[in-house]
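The chain contents come next:
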Amino acid sequence: MLDYLLSFLILTGAIFTFIGSLGLARLRDFYTRLHGPTKATTLGVGSLLIASAVFFSTRGEGISLHEVLVTLFLFITAPVSAHLLSKAALHLRLKSLAALPEEAVQKNIGD
Amino acid sequence: MLNVVIPIAFALVVAAAALNFWRLLRGPSAPDRILALDTLYVNAIALLVLLGIHLGSALYFEAALLIALMGFVGTVALCKYLLRGDIIE
Amino acid sequence: MHRLLPHPILAPALAGIWLLLANSLAPGQIVLGLLLGWAIPFFTLRFWPEAVRIYKPLTLLRFTAMVLLDIVRANFTVARLILGNPQRLRPAFVIVPLELRSELAISLLANTICLTPGTVSALLAPDNKSLLVHALNTTDPDALAATIKQRYETPLKEVFEPC
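Every chain is numbered independently, its residues counted from 1 as its sequence is written. The order in which chains are written sets their letters, starting at A; the order in which ligands are written sets their numbers, starting at 1. Local features in a predicted model are, by the rule used here, given only for residues with pLDDT of at least 70; side-chain atom pairs are given and counted only at 80 or more, and totals for whole chains, interfaces and linings are based on all residues. Hydrogens and water molecules were not included; the side-chain quantities draw on all heavy atoms of the structure.

Strands here mean DSSP runs of E at least two residues long; helices mean DSSP runs of H or I at least four residues long; both are numbered from the N terminus. Along the backbone of chain B there are 3 helices and 0 strands. A compact globule built from 89 residues would reach a C-alpha radius of gyration of about 12 Å, whereas chain B, at 16 Å, exceeds it by more than 25%. The C-alpha extent of chain B, read off along each of the three principal axes, is 50 × 30 × 10 Å. Each residue's exposure class comes from its accessible area (1.4 Å probe, protein chains only) as a fraction of the maximum for that residue type: buried when under 20%, exposed when over 50%, partly exposed otherwise. Looking at chain B as a whole, 44% of its 89 residues are labelled buried. What makes two residues a contact is simply this: any of their non-hydrogen atoms within 4.5 Å. Contacts spanning at least 24 positions in sequence make up 47% of the contacts within chain B whose residues lie at least 6 apart. Residue burial considers only the protein chains on display, and all accessible areas are found by Shrake-Rupley using a 1.4 Å probe. When the accessible surface of chain B is totalled, it reaches about 4400 Å², and 73% of it is carbon and sulfur. A gap of 11 Å separates the mean positions of the 5 positive and 5 negative side-chain charges of chain B. Atoms counted for the radius of gyration: C-alpha only. Globule rule: 2.2 Å times residue count to the power 0.38. Only four residue types enter the tally: Lys and Arg on the positive side, Asp and Glu on the negative side, with His and both chain ends excluded. Charge positions are represented by NZ for Lys, CZ for Arg, CG for Asp and CD for Glu.

Below, the structure is given as structure tokens:
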């Protein structure tokens, strides 16, 4: 039973990690590429870390929860990096498939 | 069961890392490369965690935590550089 | 009270993080964690200008549960979009006007937006009045902005700001 749970968590994690990177390689402009790594990769690695916590907690050496710390940290930092990256991209006026909201960018970043 | 799943997971994560590497080399813009590098950090964490489960050793956790911290700081520093042309003002 | 314990929420959070890092619940570690949780806010007081107050803890709990579920759901949506035909994506920039005033609430909202339904927060106006959001696939930007406001901003406003 436990084996099935662990296998499920590990496989979901690995598949989502892969899909995140696939998005990074496949999509056509920077702003859409940003979506893959921030969401899919974060959840994928989160699920792998939970699998690790379950694995080490059930080996009879007491509960192991420090993986939760990395998960928490990733879930807090991934959006921050994404926000900063898109801010930098807007600052550099990278071309985008969607129309750039020119006046908002002008007013907010200035030069 | 785990013996079958873990190699598959390794293969998927390594393929993901290869895709990131391709994006890192190809660009075309600086933010693209930074994003690829950031994702590569996260994939390194995934590989370390898998290795930890595979070997049944919790030793690799500290390395994963350090990569998470340093990767985030590195990404923020690089973005700051793009935004301001300077890291420390 | 206020002088001795400047950040009543930060202290237990730091203690909890210490216990997770040490990966043990030994009494010594608990005491050390509480000590660190009490001391660190003192030395970093200048980085925390506004004290955090939670007005409705229950709403916060419900909000957290909802966001966790939404993260999982958003991941399936994004995975489907990535695996589908990239030519058919309809990305768009959406401006979401903000009613939140507390800085913590705004950053939480931005983080939530990044992790949930196919959107990434891109730019916060310098006067904190609006947030620029990039959506991976949307046909109706106004409806998206309305959803974000109603689903995520309203509970955050209730939790962190007095009515």
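Now that the structure has been shown, we can carry on.
Further remarks concern the interface of chain A and chain B. By convention, interface size is frequently given as the accessible area that disappears when the constituent parts associate. Facing the 46 residues of chain A at the interface are 45 residues of chain B. The term buried area means the drop in 1.4 Å probe accessible area that two parts suffer when joined, counted for both and summed. Regarding the contact of chain A and chain B, the summed buried area is about 4000 Å², with carbon and sulfur atoms giving 84% of it. Between Asp32 of chain B and Arg33 of chain A there is a salt bridge; the shortest N-O distance is 2.5 Å. Elements with a contribution of two residues or more to the side of chain A that touches chain B: helix H1 (2-26), helix H2 (30-33), helix H3 (35-57) and helix H4 (66-91) of chain A. For this scheme, ten residues count as nonpolar: Ala, Val, Leu, Ile, Met, Phe, Trp, Tyr, Cys and Pro. Four count as charged, namely Asp, Glu, Lys and Arg, and the remainder, Gly too, count as polar. Per-class residue counts for the side of chain A that touches chain B are 31 nonpolar, 9 polar and 6 charged. Take a side-chain nitrogen of Lys or Arg and a carboxyl oxygen of Asp or Glu: if they are within 4 Å of each other, that pair is a salt bridge.

Quick look at the nonpolar core now. We define the nonpolar core as a collection of buried residues of types Ala, Val, Leu, Ile, Met, Phe, Trp, Tyr and Cys that are connected through side-chain atoms lying within 4.5 Å of one another. In this structure, Leu109 and Ile148 of chain C are the most contacted members of the largest nonpolar core, which totals 35 residues. Mapped onto this core, the elements with two or more residues apiece are H1 and H3 of chain A together with helix H3 (57-83), strand E1 (92-97), helix H4 (103-115), strand E3 (130-135) and helix H5 (141-160) of chain C. Leu6 of chain A together with Val5, Val13 and Leu48 of chain B belong to the second largest nonpolar core, which has 30 residues in total.

Before going further, it helps to examine the pattern of salt bridges. Residues and elements named next belong to chain C. Considering all chains together, one arrives at 5 salt bridges over all chains under this definition. The salt bridge involving Arg73 is made with Asp70; its shortest N-O contact spans 3.1 Å. In this pair, Arg73 and Asp70 are both assigned in helix H3, 3 residues apart and thus about one turn of the helix distant. With a closest N to O distance of 2.9 Å, Glu153 and Lys149 form a salt bridge. Pair noted here: Glu153 and Lys149 are both in helix H5, with a separation of 4 residues, about one helical turn. As far as burial versus exposure is concerned, Glu153 and Lys149 are alike and both buried. Each member of the salt-bridge network shares a partner with another, and the members are Asp70, Arg73 and Arg151.

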